[in-house]
Amino acid sequence: MSETAEKILQTRGKTTELDAYVVKASFDRAGTACAFALGDGTVAIKPLAGEAWHRVPTHEGAILALATDAAPQGWITGGDDGHFMRIGPDGAITLIAPFGMRWVDTVTSFTDGRTRLVACSSGKKLMVFDAANTKLKTLEHPSTVTGMVFDGKGKRIAASHYDGASVWLVASRSDSPRKLDWKGSHIGIVMSPDGDSVVTAMQENALHGWRLSDNQHMRMTGYPSKTLGLSFSKSGKWLASSGADSVVLWPFFGGGPMGKPPTELAGGDGITCTYVACHPKDDLVAAAFEDGLVVIADIGSARILPVAGPGRGPVTTLAWSPDGSHLAFGTEGGFAAVIDLSKT
Amino acid sequence: MAEAVNPEGQVPVTVLTGYLGAGKTTLLNRILSENHGKKYAVVINEFGELGVDNDLVVDTDEEVFEMNNGCICCTVRGDLIRIVTGLMKRRGKFDGIIIETTGLANPAPVAQTFFVDDTVKEKTRLDAIITVVDALNLPQRLIDSAEAEEQIAFADVIVLNKVDLVTTEALSAVEAQIRKINKYAKIHHATKGSVPITELLNQGAFDLNRVLVHAPEFLTSDEHEHNDEIRSMSFEAEKPIDAERFNAWIGALLAEKGGDMLRTKGILSYEGDDRRFAFQAVHMMADGDFIGAWKAGEPRTSRIVFIGRNLNRPQLRRGFESCQVA
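My aim in this report is to walk through the structure given alongside it, one point at a time.

1. Description of the overall build of chain A
Now for step 1: Within chain A one finds one helix and 30 strands.
Now for step 2: In terms of overall dimensions, chain A is globule-like: its C-alpha atoms have a radius of gyration of 19 Å, near the 20 Å expected for 344 residues.
Now for step 3: The buried share among the 344 residues of chain A stands at 59%.
Now for step 4: As presented, chain A carries roughly 13,400 Å² of accessible surface, and 51% of it is formed by carbon and sulfur atoms.
Now for step 5: Here chain A contributes 32 positively and 35 negatively charged side chains, and the mean placements of these two sets differ by 8 Å.

Quick look at the structure:
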């Protein structure tokens, strides 16, 4: 199988060895380039046109977080040097805000074409900035923020932390969040495309969800290890997750996942799925495994397309281009690839 | 001194505890200023007494959370999981990570963190818990703070600081008080934290053979003791241990009495295996691994150490002995 698996990478992939832990990959909004944030403080940028990879020194220590900027091109990063940075398409870097000795743990952005917001978290504080780097909000949490996400309209931002999550209205003048309580340590967060479900990954190898419209709790358990990859399909019907030896998909239709078994894809060989990313348009999910295997699974038909074979060590990140034509991945050991999946 | 990073690539982690004023930060700065050519990441807390002089210092809030498993003693430092995971992404490995806790910290959540998280377990190993106490103030601290007693109970290494400030008799009395709580820790006398770095870092503190040599059983007395006081005791077994029986016994024991059991450590000779098995637990969180072969000709004596409250010596002895193969 690995020969077949490697074929797509070899014929359609642009690959390189970056010699540093790949923390996160992300395409820009316009889909012109993919950035790989690295443990050595640099960002490797691969424009989709051409062969060159550019390396941009961005942080003093390790980069902890990367996201696409709110602008059509460029990215934002957070590092263990306490800096929240912006990287332009040309590789120019600007400091959005410094946070002293405190790490910048998470970053995210939102745009609807007019409003452009970027946000970062450092310790218990979540801060929202506009395109001119002016700080609009500082939102305080009971413990360190471990993940955050804007809703589809940029009206709300949700953050995960100890004992639950907080959902804030971005434009509200009175800063008190809607508190979603559930005991334990929550280490990552996603929101469904319709904005009605908030789901967190937990230290206790489980997911916890809240349906905002009727306060329904959703417990999703049974994972042998921690869920690091959590991604809603574009249709909102499926929540894909890593942390088991298969891609675990929870149904978010027909009343939700309560009391239903999840659908499992690409499993059975005992190798832990380390990361997942749903396709931006279709009900497809890219999944990566501890041994380096990367596959694309068609959720409807359960068909599996291997994209890269095993042997490169744990895959730490997967990213789709906004139009879904390209898939990027990176590994702990510093291997990075951008694969063109468009019809030729 | 053992290799800093073992063949599995795990980075050793040293936890530094001690009540306020004992001399923790002085000791930390001394470790860091010694010209050892090693690279350490230092995790400090926001209430640090003094500045810490090191290339890589991470300032953190001690964020303890209770695991959502119904067990109130299963508390974990979530901030450490985040920081250790983050540090592992950096370019170039460290020779070690040193974690300084606040003076009021209970060491259990720090230690338990190394049992709970897969990444932390895979990438690091808890090398030793070092507790700094001072000869002058320890008697009073033991009276007014429960944490001081727990910090001693959890220690693999105790730095008894400021020995120049007390008489020989007072020093002996203080040492006896420490031994009453934890007779298996190595004690170093010091003034201003003057202990060689080789005695503090890379101790492989769970290699109990050496530790137990320093703590012969004749130190044990059967005087009347208040049950809620922390005590330590150890047992030996000459015959090989049946792994299944041991797991059943220790599992039930920790499940029932884990709240009282602060630390359990053991080196076991399993039947049919030439390797030494190291077992350790903090409250009811337990872990174990093979740590290399028994030396040729070395008696394969299994040893187990309990440090905690309400320890029932005859019951523990019978329990451990019954784990031997028939």
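2. Side note on the interface of chain A and chain B
Now for step 1: Tallying the contact residues gives 29 residues for chain A and 30 residues for chain B.
Now for step 2: The interface formed by chain A and chain B contains eight salt bridges.
Now for step 3: Across the salt bridge formed by A:Arg102 and B:Asp59, the nearest N and O atoms sit 3.8 Å from each other.
Now for step 4: Connecting chain A to chain B are ten residue pairs in polar contact (both at pLDDT 80 or more).

3. Let's talk about the sheet that holds strand 3 (residues 56-60) of chain B
Residues and elements named next belong to chain B.
Now for step 1: What the seven strands build is an open sheet, ordered 3-2-6-1-7-8-9; its pairing is parallel. Each edge of the open sheet is held by one strand with a lone partner, namely strand 3 and strand 9 (186-189). Strand-to-strand twist in this sheet, taken as the mean axis angle between neighbours without regard to direction, amounts to 20°.
Now for step 2: Sheet analysis places strand 8 (residues 157-161) next to strand 9, joined by four bridges and oriented parallel. If you follow Val159 over to strand 9, its bridge partner there is His188.

4. Details of the side chain of B:Asp127
Now for step 1: Take B:Asp127: it is sitting in strand 7 (residues 124-134).
Now for step 2: Polar side-chain contacts of B:Asp127 include one of 2.7 Å to the backbone nitrogen of B:Gln203.

5. Here we look at the sheet that holds strand 20 (residues 230-232) of chain A
Residue and element names in this part refer to chain A.
Now for step 1: As summarised here, the arrangement of the four strands in space is 20-21-22-23, forming an open sheet in which the pairing is antiparallel. Each of the sheet's edge strands pairs with one partner strand only, and the pair in question is strand 20 and strand 23 (263-265). Within this sheet the neighbouring strands show an average axis-to-axis angle of 25°, counted without direction.
Now for step 2: Looking at chain direction, strand 20 and strand 21 (residues 238-241) are connected through three bridges and run antiparallel. In the strand pairing of strand 21, Leu230 is matched with Ser241.

6. Here's the deal with the packing of aromatic side chains
Aromatic rings considered in pairs are described by the distance between their centres and by the relative angle of their planes.
Now for step 1: Under the defined criterion, the tally for this structure stands at 15 aromatic pairs over all chains.
Now for step 2: Measuring from centroid to centroid gives 5.2 Å for A:Trp238 and A:Phe253, while their planes differ by 75°, and the two rings are edge-to-face. You can see A:Trp238 sitting in strand 21 and its partner A:Phe253 sitting in the loop between strand 22 (247-251) and strand 23, a full 15 residues away along the chain.
Now for step 3: Ring centres of A:Phe329 and A:Phe335 lie 5.9 Å apart, and the angle between their planes is 40°; this geometry places the pair in the tilted category. Summarising the burial analysis for this pair, A:Phe329 and A:Phe335 share the class buried.
Now for step 4: Put simply, the rings of B:Phe235, B:Phe246, B:Trp249, B:Phe279, B:Phe306 and B:Phe320 touch in pairs and so form one group of aromatic residues.
Now for step 5: Above the face of the A:Phe253 ring, A:Lys237 is positioned so that its terminal group lies 5.6 Å from the ring centre.

7. Some words on helix 3 (residues 108-116) of chain B
Note: α-helices contain 3.6 residues per turn, so residues at a spacing of three or four share the same orientation.
Now for step 1: The buried fraction of helix 3 of chain B is high, at nine of nine residues.
Now for step 2: Looking at helix 3 of chain B, one finds that the buried residues are B:Ala108, B:Pro109, B:Val110, B:Ala111, B:Gln112, B:Thr113, B:Phe114, B:Phe115 and B:Val116.

8. So, the environment of A:Ala286
Residue and element names in this part refer to chain A.
Now for step 1: Note on placement: Ala286 falls in strand 25 (residues 284-289).
Now for step 2: Exposure remark for Ala286: the relative accessible area of 0% places this residue in the buried category.
Now for step 3: The sequence separation of Ala286 and Val307 amounts to 21 residues, and the corresponding C-alpha distance is 9.1 Å.
Now for step 4: Those residues within four positions of Ala286 in sequence are excluded, and the remaining contacts are Tyr275, Val276, Ala277, Val295, Ile296, Leu318, Trp320 and Leu327.

Thresholds, definitions, all that
- Residues numbered from 1 in each chain as written.
- Chains lettered and ligands numbered in written order.
- Predicted model: local features only at pLDDT ≥ 70, side-chain atom pairs only at ≥ 80, totals over all residues.
- Heavy atoms only, no water.
- Helix = DSSP H or I, 4+ residues; strand = E, 2+ residues; numbered from the N terminus.
- Rg over C-alpha atoms; globule rule 2.2 N^0.38 Å.
- Buried < 20%, exposed > 50% of the residue type's maximum accessible area, 1.4 Å probe, protein only.
- Areas by Shrake-Rupley, 256 points an atom, 1.4 Å probe, with all protein chains shown as cover.
- Lys, Arg positive; Asp, Glu negative; His and termini not counted.
- Charge placed at Lys NZ, Arg CZ, Asp CG, Glu CD.
- Contact = heavy atoms within 4.5 Å.
- Salt bridge = Lys/Arg side-chain N within 4 Å of Asp/Glu carboxyl O.
- Polar contact = N/O pair within 3.5 Å; in protein donor to acceptor, adjacent residues only side chain to side chain.
- Pairing = 2+ DSSP bridges.
- Axes fitted to C-alpha atoms, helices over the stretch in contact; angles between N-to-C directions.
- Phe/Tyr/Trp six-rings, centres within 6.5 Å; stacked < 30°, edge-to-face > 60°.
- Lys NZ or Arg CZ within 6 Å of the ring centre and 35° of its normal.

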